[in-house]
Structures are given as C-alpha cells and as structure tokens.
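Fold and geometry: a report
As a plain string of letters, each chain reads:
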Amino acid sequence: MDGAGGRGERGKRGARPPASWGRGAGRGAARSSPRRPGADDRPGGAATLQTPQRDGATAADDRPGGAATLQAPQRDRATARRGRPARQTSAVGRLPAGAAAGGGEAPPTPQSRAPGGRAPAARRRAAAPDGAAGTPLALRLREVLSRLSLGRQDVSDASGRVNQVVSHLIQAIRSQDGSFSSIERLGAGSYYEHVKISEPNEFDIMLVMPVARLQLDECDDTGAYYYLTFKRNPKEKYLLKFLDEDKKLSAFKMLQALREIIKREVKNIKNVEVSVKRKKAGSPAITLLIKNPPAEISVDIILTLEVQQSWPPSTQDGLKIEQWLGRKVRGEFRNKSLYLVAKQNKNEKVLKGNTWRLSFSHIEKAMMNNHGRSKTCCESDGPKCCRKSCLKLLKYLVEQLKMEYPKELEKFCSYHVKTAFFHSCVMWPNDTDWHVGDLDHCFQKYLGYFLHCLQKSQLPHFFIPKYNLLSLEDKASSDFLLRQINDELNNGFPIFQKSY
C-alpha cells in the first residue's frame, strides 16, 4: 500500500515534453456531471462500504461506472500524424536531456513550482466538446480511459459482497476478547481514492487500532521501519501478550492472532463463499478471496496502529505540498495521527517479524480526493483537471507491462506510480498545469518524470525523502521497465490496444 533528492537547473523550471509529443493544437475534453457526496469511511464513521462517491473535490469522470466517461473524438485533425513513429534505441527514446529524460543533473525530487512545464500558449485552447478533433495520442488516451471506467452495476455488486464480509468479520473480531475490541474500519487504496481501473476486484481495508504513546526506534536507515516499545505500562494491558523477549511489540504475533480469528470466522459467513489466502512472507495484509462469479474479489485486511504523537524526524522534509495544496493543509496533515502497519523489514539483521512500517494511506487518500490547488477543482461547478486521468493511464501502462513481463517487473507496484504522481503534482502545482483539454501533454510530462526516476533508480518516498523506493540493487528491473516504456512511447503505445 505504501510506500526527494538533489536539484538541477532543468528541474527548477519543470520538464517540458519534446515537440514530437502531441503537436496538435486541439485537445478534446469530456463533459462531466456532478456527483453526490459519499459516505465517510474514516474510523468511527459509517460501517458500511458504499459505492465510491465524491470525497472532497473529486473529478466527475473518475467515479466508478459514471455516465460521463471520456469518449474518443469522432475524427482526426487533418494535420494529425499518420502511421507509427520509427523505433528508437536510445536509453530514453524521444525524451530530451534534462528533468524528463534524465540526460542532465535534473532532480529526482520535484520542485514546488515548475512554470516551464506547460505547453506554449499557441498550442493550448479551452476544452472542446466530445467529438472535437484532437491529436492522435489524445484520441488513444481518451479511448483507453473510456475502457478503464468501472461499471456501476459491477461496483455495486462487488461493494455489496465486500461490505457483507467485512462487517461480519469486524463484529466477530471485536467480540472475541479484549485484544482487538477497539478496532475501527478505514477504507484505503485506489478504490477509495477513485482511481481504481478496469475491475472492482481489489479492496484495501485497514483495521485501525488506537494505542497509547509508543517509543519508535528506527531499525534501519530508511526512516520507514521501526521497533515499538511502551514508555510505561500501557493502558491496553491486553497488548502485553504481544511483546517479544526484548519487550518490543511484535507485529508478527499481533498479525498471527488476528489471522487466526479471521480464519475461524469466515466459516460462519452465510450466502458468500470466502477463503483466506495463504500467508505471503513479509506482507502486512491478511488477504480474503470472495467468490463473485465469474471472478474473485481480493480484500486485503491490514492491521494498523494509530498513535497520537508527533511524526518521526525522518518525515520532517517530506510532504512538500506548500505550493500545491498550501502550507495550512500541510500543517493539518502533519497534526493527524501516526499510522503504523505490521510490515516485516527484509533488511532486519535477525528476521523476527517485529518491525512496523509507517503508513500514510489516510493522508494519501485525502490528497487524492482533494487534489486541486483551488478548492473547487473538479467539483460540479468548478474547473476540471486531468490529474487522476493521467494517474490511471500510467497505472494501466505499468499493469499491462507487468502482465507481459511478470518476472522482470515483479518489483514494481502501483505505489511507485502513485509516488511519482504526487511528486508531479508538486512539480506542476497549478490546476491549469493539468487542464482537462491537455491530457496528452500532461500525461507525457508525468511519464517523463517517471522515466527520469527509472533511469536514475531514484524515487524518493513522498513522506520520507531519504527512503528510495527504487533501490540501486534493483537497477536491472528499473532499466528493463525504462526500455519497455520507451519502446511503447516511441511506437504510439501499442500495448494499449492489447487485451489480456
């Protein structure tokens, strides 16, 4: 679920895509319709899982199964390029030297502003109605987005099954004994951020457990993983049985206890066939598989500790959103509770399974659902942006490549794409930098930054800058993905036409 560095001259002005990217002056846009406010699923909120609705300022075309999906314009411009561009063999294809290409000393960490990131005024115009002309790339991207939209009935059916199962489990878990009686439910991940693509078949549910003040001791140099100990005898006496021999709170013991309760209780769920997936080493999730013919729904249950105390020093220079969402919003976020999930650190000297990793899922969800610099961005009567559309497209691109090259790209996940997205929102903070009519241009500058990170094997965690999500040990994987994406870029993204 979870996951900046040096600065260069090109990074100060943002990554300008090359002229070969979408030369057409016209860019079509879709009309969108208003969305009703959704139920709040924060801890202590409504216990039921609702079909995703607006949570803050969310784009109307991002809603699952929405009627106003982006449609491909009906005809090309007379000046549109025909045929596929010639293949390139350079390390970064058509990308120029600089921030997007990684050819210079451009920063892997975006700056707060990058005024050079927009297309020249002569190449921009107001959003056009559906059916208007656009560049060949814009047409293709909009056609892909229309296919990625979730069907309303599919969402309703899937969410209904998930709600039934999770509500039953929470009630059972709370009644077992004192260990987990205080848990609250929090929806997290792409479904609740309104960026789920293709199928409503994956859900992340955090079981949030408030805990008194803890002492956090870093267990490595990433600033993300910690050992937890109680500074004094805890009010929650039932937690004492989860301490290891060194008096550390054991993530392994707590997760194991929760897993056993869930494994027993799924047998008592009526009308829905549920199983618990085999434990995956090092994973913080207990994964449920729910039969939903003709497929299955995967639900990750994540045990999460909520601690009311200051964020650790490793986060001090992260969350640089002042120019994007504002200094006040940053302060509000940093005053929220600290979340920790039961995640094993593979670099621990002795693998005991008692490490915890910082989680910012609640903050990421808030940023995603209130993503505009203006408070009215993507509201029914406000200006529309294409931020989420760009994120969906890059998620889909990486997802398709992972299906084609599962072994080579097993190290990559959607969190890499999401982290690059947040950095891009900081690099281009204005809503006009993501104009809905500039989808092709915006997607390519976001893609350019992601390619730069791959080339440098450096993608700083958005909240913990010293934590690099692209380890140099996995540079071969980064180089492989870099080559594959450049091949797609230089040939008009043929993978978008494939179906798996």
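That block above? That's the structure.
Below is a summary of the structure that appears in this document. Just so we're clear, the structure is a prediction, and the values are computed from it rather than from any experiment. (Residues numbered from 1 in each chain as written. Predicted model: local features only at pLDDT ≥ 70, side-chain atom pairs only at ≥ 80, totals over all residues. Heavy atoms only, no water.)

1. Here's the deal with the side chain of Ser 283
- Structurally, Ser 283 can be placed in the loop between strand 5 (274-276) and strand 6 (285-292).
- Among the polar contacts listed, one links the side chain of Ser 283 to the backbone nitrogen of Ala 285, at a separation of 3.2 Å.
- If we ignore the near neighbours within four places in the chain, the residues touching Ser 283 are Leu 255, Ala 342 and Lys 343. (Helix = DSSP H or I, 4+ residues; strand = E, 2+ residues; numbered from the N terminus. Polar contact = N/O pair within 3.5 Å; in protein donor to acceptor, adjacent residues only side chain to side chain. Contact = heavy atoms within 4.5 Å.)

2. A closer look at the packing of helix 3 (residues 152-176) against helix 4 (residues 251-265)
- Running from N to C, helix 3 and helix 4 cross one another at 125 degrees; their axes reach a closest spacing of 10 Å. When the interaxial angle is binned, helix 3 and helix 4 end up oblique. With respect to the hand of their crossing, helix 3 and helix 4 are arranged in right-handed fashion. Across from His 168, Leu 169, Ala 172, Ile 173 and Gln 176 in helix 3, the residues of helix 4 making contact are Leu 258, Ile 261, Ile 262, Arg 264 and Glu 265.
- Of the residues in the contact of helix 3 with helix 4, the class split is six nonpolar, two polar and two charged. (Axes fitted to C-alpha atoms, helices over the stretch in contact; angles between N-to-C directions. Parallel < 35°, antiparallel > 145°, perpendicular 65-115°, else oblique. Left-handed = near helix turned anticlockwise from the far one by under 90°. Nonpolar A, V, L, I, M, F, W, Y, C, P; charged D, E, K, R; others polar.)

3. A word on the environment of Asn 233
- Relative to the assigned elements, Asn 233 resides in the loop between strand 4 (225-230) and helix 4.
- Residue Asn 233 is classed as exposed on the basis of its relative accessible area, which comes to 65%.
- Remark: the alpha-carbon pair of Asn 233 and Ala 212, spanning 21 residues in sequence, is separated by 9.8 Å. (Buried < 20%, exposed > 50% of the residue type's maximum accessible area, 1.4 Å probe, protein only.)

4. Considerations on unusual backbone geometry
- In the Ramachandran plot, Asn 271 falls in the positive-phi region, its phi being about 70 degrees despite a non-glycine side chain.
- The topology assignment puts Asn 271 in the loop between helix 4 and strand 5.
- For Cys 378, which is not a glycine, the phi torsion comes out positive at approximately 70 degrees.
- By secondary structure assignment, the location of Cys 378 is in the loop between helix 6 (361-369) and helix 7 (387-404).
- The exposure class of Cys 378 is buried, given its relative accessible area of 0%.

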